[in-house]
Amino acid sequence: MFATAQSLRVTPLAAPKRVGGARRAARAVRPVRAHAKKADDVEPTMEPLSVSRRVLGLSSVLGAASLTTDLVFPTPAEAKKIVSGYTPLEGFDVTYVFHKTGTMGADDWYKNAFKPFLDGGLHSGEVGGPETGAAFKTVFNVVVMRGRETENETVAVAFVHPKASTDLIAKFFDDKNPFWQTGRDEGWLLGPLTNFKTTPFLARGADPKTGYPPQWKKGSGVLVASFGLKIDKNEWIPAFTSPDSDKLHDAAGIYTSVASTVNKGSEYDSAFKAVQVFHTFKNFKQAVAFDAMIQAKQPPFDAVAEITDNFQGQTYEVISDTNFPEYFPQA
């Protein structure tokens with residue numbers, strides 16, 4: 001997901017200006033790692049935060065509960081590779097959309113409905129008319145996922161783009177758009193279309209060389225978790241990125257996470273400011289197992305439930321993760 005570094009390394013030499021701008025943007029977001037050294041050219045410490053007793057208690061619960069949870073912890077050699085710390089993110093938005101495919105299923109939907117759009121229509125400037133088409137031309141990363149249900153399979157797409165394009169792209173994905181009735185008539189869309197407008201603010205497991213999340217592999221599992229936060233986001237971050245939380249995520253098979261604010265206009269309701277987290281796992285089964293633990297409020301998620309509201313989770317398997325380096329915003 002928005003693994004711009006991999007794409008930038010293969011950008012043609014004919015575009016040195018764009019590559020330089022992208023590298024400056026990548027360097028501007030400096031990774032923060034728990035075991036960073038001066039030689040790594042990153043800051044080894046984070047700015048101190050005022051952390052409430054409730055958050056410190058939650059962090060302790062994560063550690064204690066992980067010892068009683070049916071998870072496999074890494075060996076000492078593997079532990080050296082455990083994801084720790086986090087990288088701040090800023091400057092772009094993610095539009096996340098999902099819907100059911102009826103009898104068509106994800107394979108036919110991707111091959112016949114979405115792939116032609118991804119390969120040509122996305123940057124044609126014609127999608128939804130001139131205004132919306134211009135917004136889609138700014139998309140620089142697209143992740144496509146499937147729900148793996150046996151019937152009426154869900155498909156989901158995350159579009160990564162500059163903030164300035166968010167409202168127009170979201171307008172296209174409004175269920176009232178007549179285009180979606182065409183999808184229903186043609187059999188690749190069943191039921192409602194759900195749309196989230198989000199702004200990423202941190203990543204766990206970012207590539208230390210770039211400051212961006214790594215590219216997602218086909219077959220990886222994904223849990224998209226949305227929830228209202230009953231505490232301030234800046235209080236939640238230390239618990240979410242604590243060493244105990246790192247152990248829990250690593251044992252569950254999570255190799256990267258992206259946390260975003262859920263913005264106005266999203267099809268989600270909470271009395272509190274909401275956050276959405278994309279957790280990426282080594283495989284789909286791990287995503288399903290982790291979601292089941294949360295839904296059942298198994299420790300430590302019984303404590304997490306006390307500070308969250310209206311938890312909603314969707315589990316997926318990655319179909320594709322496509323970068324468009326030529327459309328990456330210049331610094």
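What you see is a predicted model; the values in this text were computed from it and never measured.

Conventions adopted
- Residues numbered from 1 in each chain as written.
- Predicted model: local features only at pLDDT ≥ 70, side-chain atom pairs only at ≥ 80, totals over all residues.
- Heavy atoms only, no water.
- Core = buried A, V, L, I, M, F, W, Y, C linked by side-chain atoms within 4.5 Å.
- Buried < 20%, exposed > 50% of the residue type's maximum accessible area, 1.4 Å probe, protein only.
- Helix = DSSP H or I, 4+ residues; strand = E, 2+ residues; numbered from the N terminus.
- Contact = heavy atoms within 4.5 Å.
- Pairing = 2+ DSSP bridges.
- Expected span 1.5 Å × (residues − 1).
- Polar contact = N/O pair within 3.5 Å; in protein donor to acceptor, adjacent residues only side chain to side chain.
- Salt bridge = Lys/Arg side-chain N within 4 Å of Asp/Glu carboxyl O.
- Phe/Tyr/Trp six-rings, centres within 6.5 Å; stacked < 30°, edge-to-face > 60°.
- Lys NZ or Arg CZ within 6 Å of the ring centre and 35° of its normal.

Participant: What am I meant to see in the nonpolar core here?
Facilitator: Burial of nonpolar side chains together is a common tendency in soluble globular proteins. Met 1, Met 145, Trp 236 and Phe 278 are the most contacted members of the largest nonpolar core, which totals 41 residues. Among the elements that take part in this core, strand β6 (residues 221-229) stands out by supplying five residues, more than any other. With residues up to four places along the chain from it excluded, the contact list for Phe 278 reads Met 1, Tyr 96, Met 145, Ala 158, Trp 216, Val 222, Leu 223, Val 224, Thr 256, Ser 257 and Val 258. With 26 residues, the next largest nonpolar core counts Phe 136, Val 139, Ile 169 and Trp 180 among its residues.

Participant: Help me understand the pairing of strand β3 (residues 141-146), please; the structure alone is not making it clear to me.
Facilitator: Here is the key point about a regular strand: its side chains alternate between the two faces of the sheet. Along β3, six of the six residues are buried, which leaves the element largely enclosed by surrounding structure. A two-sided burial pattern is seen for β3, the buried positions comprising Asn 141, Val 143 and Met 145 on one face and Val 142, Val 144 and Arg 146 on the other. When β3 meets strand β4 (residues 154-162), the two strands line up antiparallel, connected through six bridges. The partner of Val 142 across the bridge, within β4, is Phe 159. Examined bridge by bridge, β3 and strand β9 (residues 308-323) share six bridges and lie antiparallel to one another. Residue Arg 146 lies in a different strand from β9, and its bridge partner there is Glu 317.

Participant: Where do I start with helix α11 (residues 284-295) in this structure?
Facilitator: One full turn of an α-helix is made of 3.6 residues, so residues set three or four places apart face in the same direction. For α11, which comprises twelve residues, the first-to-last C-alpha distance of 17 Å matches the rise-based estimate of 16 Å (1.5 Å per residue) to within 8%. Those residues of α11 lying buried are Phe 284, Ala 287, Phe 290, Asp 291, Met 293 and Ile 294. For α11, the elements touching its buried residues are β6, α10 (243-251), β7 (254-262), β8 (274-281), α12 (301-305) and β9. Two to three positions downstream of the cap, the backbone nitrogen of Lys 285 sits 3.2 Å from a side-chain oxygen, assigning the N-cap of α11 to Asn 283. Looking one or two residues past α11, Lys 297 carries a phi angle of roughly 55°, positive in sign.

Participant: Would you mind going over the pattern of salt bridges with me for this structure?
Facilitator: Pairs can form between side chains of opposite charge once their charged atoms are near each other. The final tally for this structure, using the stated rule, is nine salt bridges. Note that Glu 153 and Arg 146 form a salt bridge whose closest N and O atoms lie 2.8 Å from each other. For Glu 153, a relative accessible area of 7% corresponds to the buried category. Residue classification places Arg 146 among the buried residues on the basis of a relative accessible area of 8%. For Lys 197, the salt bridge goes to Asp 167, with nearest N and O atoms at 2.9 Å. Placement of Lys 197 in strand β5 (residues 190-204) and of Asp 167 in helix α7 (residues 166-172) is noted, with a sequence separation of 30 residues between them. Using a relative accessible area of 12% as the deciding quantity, one classes Lys 197 as buried.

Participant: Before we go on, may I ask you to explain the packing of aromatic side chains in this structure?
Facilitator: Think of a pair of aromatic rings as described by two things: how far the centres are apart, and how the planes are tilted against each other in angle. All told, the structure shown has 32 aromatic pairs when counted by the stated rule. Centroid distance Phe 136 to Phe 159: 5.9 Å. Interplanar angle 75°. Geometry classified as edge-to-face. Of this pair, Phe 136 sits in helix α6 (residues 130-136) while Phe 159 is found in strand β4, placing the two residues 23 residues apart along the sequence. Here the aromatic rings of Trp 180 and Trp 188 are separated by 6.1 Å at their centres, their planes lie at 80°, and the arrangement is edge-to-face. The same class applies to Trp 180 and to Trp 188, which are both buried. Three or more aromatic residues joined by ring pairs make a cluster, and in this case those are Trp 109, Tyr 110, Phe 114, Phe 117, Phe 136, Phe 159, Phe 172, Phe 173, Phe 179, Trp 180 and Trp 188. In this structure, Lys 233 is placed above the aromatic ring of Phe 201, and the distance from its NZ or CZ to the ring centre is 4.3 Å.

Participant: Explanation requested: the side chain of His 279 in the structure shown.
Facilitator: For His 279, the location among the structural elements is in strand β8. Reaching out from His 279, the side chain makes a polar contact with the side chain of Ser 257 at a distance of 2.7 Å. With residues near it in sequence (within four places) discarded, His 279 still touches Gly 221, Val 222, Leu 223, Phe 240, His 249, Ile 254, Thr 256, Ser 257 and Phe 290.

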